[in-house]
Amino acid sequence: MSESGPSVYEWAGGAEAFERLTKVFYAKVVADELLAPLFRRMKPEHPHDVAVMLGEVFGGPADYTERFGGYRRLVGRHKNRDIQPEQRARWVELMLSSADEVGFPDEAEFRSAFVAYLEFGSRRAMANSKPGAKPGNRDSLKLWGWGEARPGAE
Ligand code: HEM
């Protein structure tokens, strides 16, 4: 990433922060009437896998790409799930309330970067989940930085 200073990953609190986030998030997901049907066969390691992937996206170690199968695996996991718009919206909503619950930083700059990726990723996941979708043929995850709102910049 070309941006200087701490990454969004570091600002969030590193790997441990993303682990806390996904643990709380998936507990909400399985109790949610709109989302539970999609995650009925979710494996116990799923929250960890998503924590690793999100960490990489925000500037942490590239473990999801190097050890887990990266972008192709991500696309494969969403394939044919036929995610509906109201499920996507709920997914983002629960991520945001989980971020509050686990004490993610609440600076405007951090939340702006975080929510921007959730919108991007969830819309891509929904599009790639449609039967017959033709996802991009890439090897790498799309990485996410601070965008327009970098801490300390006016
Ligand atoms: C920023 C948005 C998203 C990210 C970063 C994300 C991330 C991931 C990752 C990393 C996996 C695969 C984990 C593995 O390697 O095994 C996965 C699987 C999955 N995702 Fe997403 N996802 C996003 C959005 C969504 C949305 C909006 C939905 C549905 C509302 C969704 C539903 C699923 C389902 C059903 C699976 C498969 C779970 C299983 O294996 O049982 N995802 N997601």
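Residues numbered from 1 in each chain as written. Predicted model: local features only at pLDDT ≥ 70, side-chain atom pairs only at ≥ 80, totals over all residues.

A. How the structure looks around unusual backbone geometry. You will see that Asn80, though not glycine, has its phi angle at about 60°, which is positive. Looking at where Asn80 falls in the secondary structure, it is placed in the loop between helix H5 (70-78) and helix H6 (85-101). A tally of 11 C-beta atoms within 10 Å means that Asn80 is categorised as exposed. The phi dihedral of Asp82 is positive, around 50°, even though this residue is not glycine. Checked against the element boundaries, Asp82 lands in the loop between H5 and H6. (Helix = DSSP H or I, 4+ residues; strand = E, 2+ residues; numbered from the N terminus. Buried ≥ 20, exposed ≤ 12 C-beta atoms within 10 Å, placed from the backbone.)

B. Summary view of the packing of H6 against helix H7 (residues 108-128). With their axes 10 Å apart at the nearest point, H6 and H7 run at an angle of 150° to one another. Between H6 and H7, the interaxial angle falls into the category roughly antiparallel. Crossing geometry of H6 relative to H7 is assigned as right-handed. Where H6 abuts H7, its residues Arg88, Trp91, Val92, Met95, Leu96 and Ala99 lie against Phe114, Val115, Leu118, Glu119, Ser122, Arg123 and Met126. Of the residues assigned to the contact of H6 with H7, the class counts are nine nonpolar, one polar and three charged. (Axes fitted to C-alpha atoms, helices over the stretch in contact; angles between N-to-C directions. Parallel < 35°, antiparallel > 145°, perpendicular 65-115°, else oblique. Left-handed = near helix turned anticlockwise from the far one by under 90°. Contact = placed C-beta atoms within 7 Å. Nonpolar A, V, L, I, M, F, W, Y, C, P; charged D, E, K, R; others polar.)

C. Just the site of the ligand, in detail. Close to the ligand lie 25 residues, the nearest being Met53, Arg77, Trp91, Gly121 and Ala125. Counting only elements with at least two residues in the shell around the ligand, the list comes to helix H3 (46-57), H5, H6 and H7. In the shell around the ligand, the residues fall into 14 nonpolar, five polar and six charged. (Near = placed C-beta within 6 Å.)

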